[in-house]
Amino acid sequence: MSLPPEKIQELNQIIHNHMSHASVHSRIKGCVEESFVGDDRGIDEASLLNALKEKGIVDEVMRSLRFEGLEREKRKAKLGGEKREVEKEEATRVGVDPTRRYLYMHVLGGKAFLEHLQDPEPLPGRVTSTFTLHVHFRGQRFRSCPVPCACEPDLTEGFLLELQHDKSKMADAATLLSHSDTIHIVLIKTDTAGDTTLLGSHFLEWRNILFNPTGRMTCSVEINGVGAEAKVPVGILDVKFEMIPRFSKILTEEVIKAQINLEHNRVAERERLFLVYAKQWWREFLQIRPSHSKRLVKIFAQDECATNRHVMPVCSFVHPLRTGRLLDTPRQAARFVSLLGYERTPSVGGGKAEMWSSFHALLCKRKGDCEDHATLLCSLLLGFGLNAYVCGGTKSKGVAHTWVVTISPEGEATFWESLTAHRYVHRPINPDDPPLDKQQARPVHPYHTVGCVFNHQEFYANSQPTDVVEVCQFELHNEALWKAMSEDALKSICGTKILPPMPPLPPLFPPTIDSALISNDMEHELRGLVADHRKDLGLSTSWDDELCHILSPALASYELEHSTGVSVGNEEFQHAIRRAIPDGHTFKGFPIQFVHRNARRAFATCLRSPICEEIISCRGDNVRLAVRVRVFTYPENACATWIMFAVKYKSVL
């Protein structure tokens, strides 16, 4: 039985949550200590599995697990005029593979979060700010339960990390030593309004457990801030590691340190060589025209860990990303990226801070700067097989900006704005054309200049006489127009065959929120807010449920147009409105879209619109109001929240 990657990830999360809440891990450890204490021969898989079966732990876990679509199905059959239930049990096998090795990461708690030293104790039933831990390791993602923010937060959580994807045999210590992937820990703070903040990001080395004879290791992990605060500690996490099952033969500490140092030296050497090449390449680029020094050619960038890690080539921030069945089309992928919140990288003092988020950090906080949106969108479009590149340049008034371009086999360039999901077909203007032709070909896109384009394999700097977008040709392989970096040089720093290899990308989480339930709750809350607002104005409120329902097709049509670029259903909506509005009555509607699910914030924003305020505060004869909410969900619980306020009233001449 084969499952898609996103379903496997969902099952892993369900198993992890169940085993954490049912104290299965502690029972397994108790069984190991009871059955194998004093045994110097080590623990093999068969003996461990037999001991767990004898204690009844395996059967109990499998009975208690329930997976949607994999549990027993009941069918009703009608035999001889009588109804009876026939239970059909499908033979399914879902569980942890006993032939693989796992690393149990147990977060024992947090301390020294001094920013929250004066925070009061949270009261029962009161909404408070929370901490959430996110963990990514070798394509596996987990998140902890949110806990109230405190100086010593109760961040007690266990994560069962699979160490091997190879099903051939159990991996030994020597095999695992070659796994250079670190555990990426991200700490997110969520305030009472639901806004998220990236507090810390840490890459944790776990291989020191390979020389521990007990298969256990405890350490304190100092979580530093991000960006300009990367040297400032945010807090400390106490973490305990345990190898399951234990090794029969361990490595020495000297061997492990030698391997880690060897990997660090390899990384440092290839980064040094690439830096030498990049400096020579840049000198050659400036020799073409001295004015090229003013063009926005971005070769290196820092992630959220800033000084904790080396400055990386921008190409290393782009990787082809496949989403399984979570996103079906490139335009739907662009819509998903546009629904992630936009935030400028925070900085102390004036100016713009420089920080590009890693994929995992971006998905955890669900918002980022334009560079984060562009690299994610480019990665998704590459995953769909398009020839996509990230563009670095400026918008109007010289504001630095990043967007995406795709180039068709025929050479036609299309711009993708990652913040809005808008697409623009690029039709360059010939500077030698008559002035009238230039005026007719004025671009509709907001981009002014382009300095470079890049993806995971290629990097090009714009060497055309002018970097103004409207006259630029996107014939990237034309050496007279674009100066390319050596593909071999790029592969040496971020290719697929480098040693140690680049870590795998984190998978996307499928949506977990109930869109119908959230839509109903928001609509009910908005009705109450409208009624209270009109009461303050001395007005009564009457709702038209039929008109509310008629608004639904319009909201569905708006979202479909944003995700596909095709407008459908508008004619039917207009027909329904004409039938619902009696003669002599007037209809007014106001649709608006948000990327959050906070009804109070949305209502406050709507009141700032003169049109919406006029609808909500409408006075007249037979005033009947309507409001409809429709929440459309995407991966990572990104959502498009559409709200339409409407009113019908009798016109008085």
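Note that the structure is predicted; figures quoted are calculated from it, not measured. (Residues numbered from 1 in each chain as written. Predicted model: local features only at pLDDT ≥ 70, side-chain atom pairs only at ≥ 80, totals over all residues. Heavy atoms only, no water.)

Draft legend 1. Summary view of the pattern of salt bridges. Following the criterion strictly, the structure yields 19 salt bridges and no others. Note that E343 is salt-bridged to K365, the shortest N-O span being 3.6 Å. Of this pair, E343 sits in the loop between β14 (341-342) and α8 (359-365) while K365 sits in helix α8, and the two are 22 residues apart along the sequence. The class for K365 is buried, based on a relative accessible area of 3%. The partner of K648 in a salt bridge is D544, with the nearest N and O atoms 2.9 Å apart. Of the two residues, K648 is situated in strand β25 (residues 639-650) and D544 in the loop between α12 (515-536) and α13 (545-550); the sequence distance between them amounts to 104 residues. Residue K648 is classed as buried on the basis of its relative accessible area, which comes to 13%. Residue class for D544 comes out buried when judged on its relative accessible area of 9%. When salt bridges that share partners are traced, they join E205, R207 and E263 into one network. (Salt bridge = Lys/Arg side-chain N within 4 Å of Asp/Glu carboxyl O. Helix = DSSP H or I, 4+ residues; strand = E, 2+ residues; numbered from the N terminus. Buried < 20%, exposed > 50% of the residue type's maximum accessible area, 1.4 Å probe, protein only.)

Draft legend 2. A look at α12. In this model α12 runs 32 Å from its N-terminal to its C-terminal C-alpha over 22 residues, within 8% of the 32 Å that 1.5 Å per residue would give. Taken residue by residue, α12 has S519, M522, E523, L526, L529, V530, H533 and R534 as its buried positions. For α12, the arc enclosing every buried residue in end-on projection is 130°, short of the 170-degree limit, so these residues lie on one face. Facing away from the buried side of α12 by more than 90 degrees, the exposed set consists of H524 and K535. For α12, the secondary structure elements touched by its buried residues are α16 (599-607), α17 (610-616), β24 (621-633) and β25. With a side-chain oxygen lying 3.2 Å from the backbone nitrogen of A516, the N-terminal cap of α12 falls on D514. Count one or two residues on from α12 and you reach G538, which has phi positive near 80°. (Expected span 1.5 Å × (residues − 1). Arc of directions from axis to C-beta. Contact = heavy atoms within 4.5 Å. Polar contact = N/O pair within 3.5 Å; in protein donor to acceptor, adjacent residues only side chain to side chain.)

Draft legend 3. The confidence of the model for the protein, seen in detail. Here the protein shows a mean pLDDT of 86. Residues at 70 or above account for 84%. Of the regions scoring below 50 in pLDDT, residues 66-94 engages in 31 contacts with residues more than four places distant in sequence or in other chains. (pLDDT = per-residue confidence, 0-100.)

Draft legend 4. Just the sheet that holds strand β17 (residues 400-407), in detail. The sheet built from seven strands is open, its strands ordered β19-β18-β17-β16-β20-β21-β22 with antiparallel pairing. Of all strands in the sheet, those bounded by a partner on one side alone are β19 (423-425) and β22 (482-484). Each adjacent strand pair in this sheet contributes to an overall mean axis angle of 35°, direction not counted. By the bridge criterion, seven bridges tie strand β16 (residues 388-395) to β17 in an arrangement that is antiparallel. Within the sheet, the bridge partner assigned to C391 lies in β17 and is W403. The sheet contacts of helix α9 (residues 370-383) involve β16, β17 and β18 (413-416), and relative to β17 the element is tilted by about 10°. (Pairing = 2+ DSSP bridges. Axes fitted to C-alpha atoms, helices over the stretch in contact; angles between N-to-C directions.)

Draft legend 5. Inspection of α16 at higher detail. Burial in α16 covers these residues: A599, A602, F603 and C606. For α16, the buried positions fall inside an angular range of 100° around the axis, keeping them on one side. Packing partners of the buried residues in α16 comprise α12, β23 (585-594), α17 and β25. Looking at where α16 begins, the residue whose side-chain oxygen comes 3.1 Å from the main-chain nitrogen of R600 is N598.

Draft legend 6. Representation of unusual backbone geometry. In this structure, P245 follows I244 across a cis peptide bond, with omega equal to -15°. Within the element layout of this structure, P245 appears in the loop between β11 (233-244) and α6 (253-288).

Draft legend 7. Structural detail: the packing of α6 against helix α11 (residues 487-494). Packing of α6 against α11 brings their axes to within 9 Å, and their N-to-C directions diverge by 150°. Considered as vectors, α6 and α11 are oriented roughly antiparallel to each other. Note that α6 runs across α11; the crossing there is left-handed. Contacts from R270, E271, F274 and Y277 of α6 reach α11 at A489, L490, S492 and I493. For the contact of α6 with α11, the class distribution of residues is five nonpolar, one polar and two charged. (Parallel < 35°, antiparallel > 145°, perpendicular 65-115°, else oblique. Left-handed = near helix turned anticlockwise from the far one by under 90°. Nonpolar A, V, L, I, M, F, W, Y, C, P; charged D, E, K, R; others polar.)

Draft legend 8. Highlighting empty space enclosed by the protein. Counted by the stated rule, this structure contains two cavities of 30 Å³ or more. In this model, the second largest cavity occupies a volume close to 30 Å³. V530, W543, I615, I616, L625, A626, F645 and A646 together form the lining of the second largest cavity. (1 Å grid on protein atoms, 1.4 Å probe; cavity = no way out; pocket = protein on both sides within 12 Å on 5 of 7 lines; lining within 4 Å. Points joined across faces, edges and corners; volume = space filled by probe spheres on them.)

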